[in-house]
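# A structural walkthrough
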Amino acid sequence: PKHSNINHQAIQQAGPCSLNTSTPRSCIGLALCISPKNMATFEVGINTLTDVTALSNIALDVRDMASNLKSGNLLVAQRIYTQGANSALYDVFGEETLDKLTLKSMGQAGSGQWMDDPSFTFQMLGLSSEQDSAAEAISKHSNYADYYISTLLNDQTTADNAAAAQATTILTVHINAIHKLWEGFIDCTMVQKGYNPEEDQTGKIDPKRKYDEFIALYVGAGQVLGPTWEGYLLYALAQAASKKFDTVDENGESLVNKEIRGLYEWVQRIMSEEDYCKRDESISELWTINNRIIAKMNLSMMQMLIDSMHNENHFYLVPIYARAIIPQLSQCRTSIQRKLKSYLLDKEYERDDFSRILPLLQQSYDCLGFSCEQVGAYSSDKVAECGDYTKNHPMAGFVPKVDVQTISKVDLDMHAIRQLLKFPTGDDNIIPQMYYKHGRAAVINEDKYAYDVQSLQEMARSSIVEQWSPYYSDYVSYHGQEFYADTVIMNEFKRNAGTDTQQDALLLSWMQLGVVTEYLMGLLGSADQMCEGSTDEDPTKWWDAFAATYIGSLEGIDLGGSDQTIDGFMLWNVANRRAVSFDTQNDDYYADINNEMLELLFAGQAQLLRNDCNNFAKTVSRALHLMVIPLIQSVIWYAIKNEGLIASSNDDGLVIGEVAAKSVLPIVNKFDPNAARIIERNMVRSYDNFVPVVDGPQAVANAFYLVLDEIGWGCDYVGHADGVEACQLESATGPRNNGSSKQGAVTILALLANTIFWGYSAWLS
């Protein structure tokens, strides 16, 4: 539904609520009925649903710290930081205590307490070294803000610049404000489960207040409107950043602040519903709102980091802004995050590195949720605005004809889930589960209120798989139900296994090898049907969408994809990793399979351009069955790794090997049921009296031999690993087909002919 902005003037005129309740209700039209005694008012046009005035006064501590540091009163500044001065604390009865909220305590707040805060988890991952465990990362870095600020307060050389006071906003207030967003979201999920915050006098779970506390920390007391826009917290920081990059509206307000204000008002509407947080739609909307607000906040930090790197008078701020934004890139392309960490966190910034750092930052914009246009040009001409993605943005050397960059970014959600599962999570693995159910990165529609994101669960339950995949009925028949992968994933999310790495492996491998594989089959079937059908739908976008989903965004633009296999997550990456083990790399050090796939992708585009649907159907068949090869290699690889393990072993390989097997067994079972039984006996843990790889890895490899011929590809593309040969049977039976076969083409053409036209994926509409 469309949402109008809240009319604050009407709110103020409405006066106290006439209803005998503390719960805000609709009062005048779209206005909110808020009792003045239960609200806070900010000059920038924001009224809260609860009174968060005391928390907003932490801004005055920042102000007073800065003033005293500039005046040389270091001891006073230190006392304000450690003991507080302006932000009152209250007991459970609402009575003010003698203690004050302190910036120091806020800088230590994450110590082992923020397990359901993805931003904090990314921060810990981004600050830690590769070998650190979750416990070590938290132990070393959970107090990162306080540690750094305390160091500054003991450094006489930076006092004149009030660096410590600035750092409290950039590091402490920033991460605390974001944490309030996640607390509000988690509280809302608790309300949906039946918790009633109105009956809890402790206020422990109160989504309305948590979101109000976010805006209190974002705006802060003392924030004024233009022309000065003077203030002390994040709103003022965004104003300063937008001025430097000319990203303000006609009234001089930062576009970031304008957007965040509108999103907060959307939260207010949700929280003002009679049954707030009870609807699934409310949870989905809040998830989206949180991610959009955080993206805007990170945009301002990125702008200020660029300013501090370019302006020599601001070099002292580089390590502060870098600590705020670079760790967040742990949810993005790993190789880029590690390079930026080495430039900006592991050593002192050097101006000569600017030209190397800037492109790496710009490559990260899209992952963090903002564009080159939104960042803007620094000081008009000092740093030009970078170029945003175009519809033919390359992916691992493939150049699409239509804009499919969005769909390629679903790999970022899988990467985020992988990162988050490294840390302990709360009930039902709630945050990783939200990434799976609602998605973050693959934004389809950026309209303010019709915002839509492609999620992994939508892919798992997509109608295009059900209606268009030539193997859909085989998967349903083999697994005994529709949407089997989604069922397994959701059940596993709800099994609280702590830091069980086998659970992590199961979740991630089902997404990577199960959900993605079946979705790719649906896209291929759709492309073929669109070419043959009478619809005006362009089959090229389905074909290019297949390419984008097969390759993913993390591979980058270079031919062959990323030169580091730590970056990718889609089947392209699986093929490249398996190629190393099976000696099936080409001269450019990426998989022969992927080189063949690139040729097929370009061939398909050319065939569609001249409407050659007969040959396109054959290309579709070859691509569909070629993408099965990395799955087969994965089964054989884990058969090799799992030989000798016991059934009760907690080795991840048992789980990944089983998922790899189940992702391809429906196809194997279709062509060779006996081979399917051999693979099950060796790889599927639920098999009776299961002993891992009881027949040996060569038996598993041999089981695929006839199937490879049936699907139109010989065993040469599979290769050999650790003495296990995919082509061992060839010496006994003679050479078989390698490449496209008539049988493979006829098979898929027959399968596709039986599909029924139904509809289209929402993101392609």
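Residues numbered from 1 in each chain as written. Predicted model: local features only at pLDDT ≥ 70, side-chain atom pairs only at ≥ 80, totals over all residues. Heavy atoms only, no water.

## Comments concerning the overall build of the protein chain
In terms of regular secondary structure, the protein chain is built from 36 helices and ten strands. Taking all contacts inside the protein chain whose residues are at least 6 apart in sequence as the whole, residues at least 24 apart take part in 68%. Looking at the protein chain as shown, the accessible area adds up to about 30,000 Å², and 46% of this sits on carbon and sulfur atoms. (Helix = DSSP H or I, 4+ residues; strand = E, 2+ residues; numbered from the N terminus. Contact = heavy atoms within 4.5 Å. Areas by Shrake-Rupley, 256 points an atom, 1.4 Å probe, with all protein chains shown as cover.)

## Observations concerning the state of the cysteines
On inspection of all chains with the given rule, the structure shows four disulfides. Here Cys332 pairs with Cys367 through a disulfide, and the sulfurs are 1.9 Å apart. Measuring the twist about the S-S bond at about -90°, one finds the Cys332-Cys367 disulfide to be left-handed. Of this pair, Cys332 sits in the loop between helix 14 (318-325) and helix 15 (334-344) while Cys367 sits in helix 16 (residues 354-368); the two residues are 35 residues apart in sequence, bridging distant segments of the chain. Take Cys332 and Cys367: they sit in the same class, and that class is buried. There is a disulfide in this structure between Cys531 and Cys613, and the S-S distance comes to 2.0 Å. (Disulfide = S-S within 2.5 Å. Buried < 20%, exposed > 50% of the residue type's maximum accessible area, 1.4 Å probe, protein only.)

## Some details on unusual backbone geometry
Pro227 follows Gly226 through a cis peptide bond whose omega is 10°. Inspection of the secondary structure puts Pro227 in the loop between helix 10 (207-219) and helix 11 (234-245). Phi at Val693 is positive, roughly 50°, even though this residue is not glycine. On the secondary structure map, Val693 appears in the loop between helix 32 (673-683) and helix 33 (697-703). Val693 sits in the buried class, given a relative accessible area of 3%. The backbone of Asp722 shows a phi angle near 50°, a positive value even though the residue is not glycine. Following the sequence through the fold, Asp722 ends up in the loop between strand 9 (720-721) and strand 10 (724-725). For Asp722, a relative accessible area of 59% translates into the label exposed.

## Observations concerning the confidence of the model for the protein chain
Per-residue confidence for the protein chain gives a mean pLDDT of 87, with 87% of residues at or over 70. Counting contacts from residues 1-36, a segment whose pLDDT is below 50, to residues more than four positions away or on other chains yields 64 contacts. Of the regions scoring below 50 in pLDDT, residues 731-765 engages in 75 contacts with residues more than four places distant in sequence or in other chains. (pLDDT = per-residue confidence, 0-100.)

## Re helix 31 (residues 652-671)
A rise of 1.5 Å per residue sets the reference length of helix 31, with its 20 residues, at 28 Å; its end C-alpha atoms lie 29 Å apart and thus fit the reference within 8%. The sharpest bend along helix 31 reaches about 45° and sits at Leu665, with the proline Pro666 one to four residues further on. Within helix 31, 16 of the 20 residues are buried, which leaves the element mostly enclosed by the surrounding structure. Backbone nitrogen of Gly653 and a side-chain oxygen of the N-cap are separated by 2.7 Å at the start of helix 31; the cap is Asp651. (Expected span 1.5 Å × (residues − 1). Bend = angle between axes of the 7 residues up to and from the residue. Polar contact = N/O pair within 3.5 Å; in protein donor to acceptor, adjacent residues only side chain to side chain.)

## Observations regarding helix 30 (residues 629-642)
Compared with an ideal rise of 1.5 Å per residue, which puts 14 residues at 20 Å, helix 30 spans 20 Å between its outermost C-alpha atoms and is within 8% of the ideal. The positive-phi residue at the C-terminal boundary of helix 30 is Gly644, with phi of around 95°.

## Examining the environment of His393
Along the chain, His393 turns up in the loop between helix 17 (372-375) and helix 18 (405-408). With near-sequence residues (within four places) excluded, His393 lies in contact with Phe398, Pro400, Gln405 and Ile557.

## Things to note about the side chain of Thr169
Mapped onto the secondary structure, Thr169 falls in helix 9 (residues 163-192). Exposure remark for Thr169: the relative accessible area of 5% places this residue in the buried category. Side-chain polar atoms of Thr169 contact the backbone oxygen of Tyr232, separated by 2.9 Å. What Thr169 contacts, discounting residues up to four positions off in sequence, is Val62, His174, Tyr232, Leu233, Leu234 and Leu237.

## Examining the packing of aromatic side chains
Applying the stated criterion across every chain yields a total of 22 aromatic pairs. Measuring from centroid to centroid gives 5.9 Å for Tyr436 and Phe493, while their planes differ by 50°, and the two rings are tilted. One end of the pair, Tyr436, is in helix 20 (residues 430-438); the other, Phe493, is in helix 24 (residues 484-493), and 57 residues separate them in sequence. Taken individually, Tyr436 and Phe493 each receive the classification buried, so the pair is uniform in this respect. Members of the aromatic cluster, connected to one another through ring pairs, are Trp543, Phe546, Tyr550, Trp572, Tyr590 and Phe616. (Phe/Tyr/Trp six-rings, centres within 6.5 Å; stacked < 30°, edge-to-face > 60°.)

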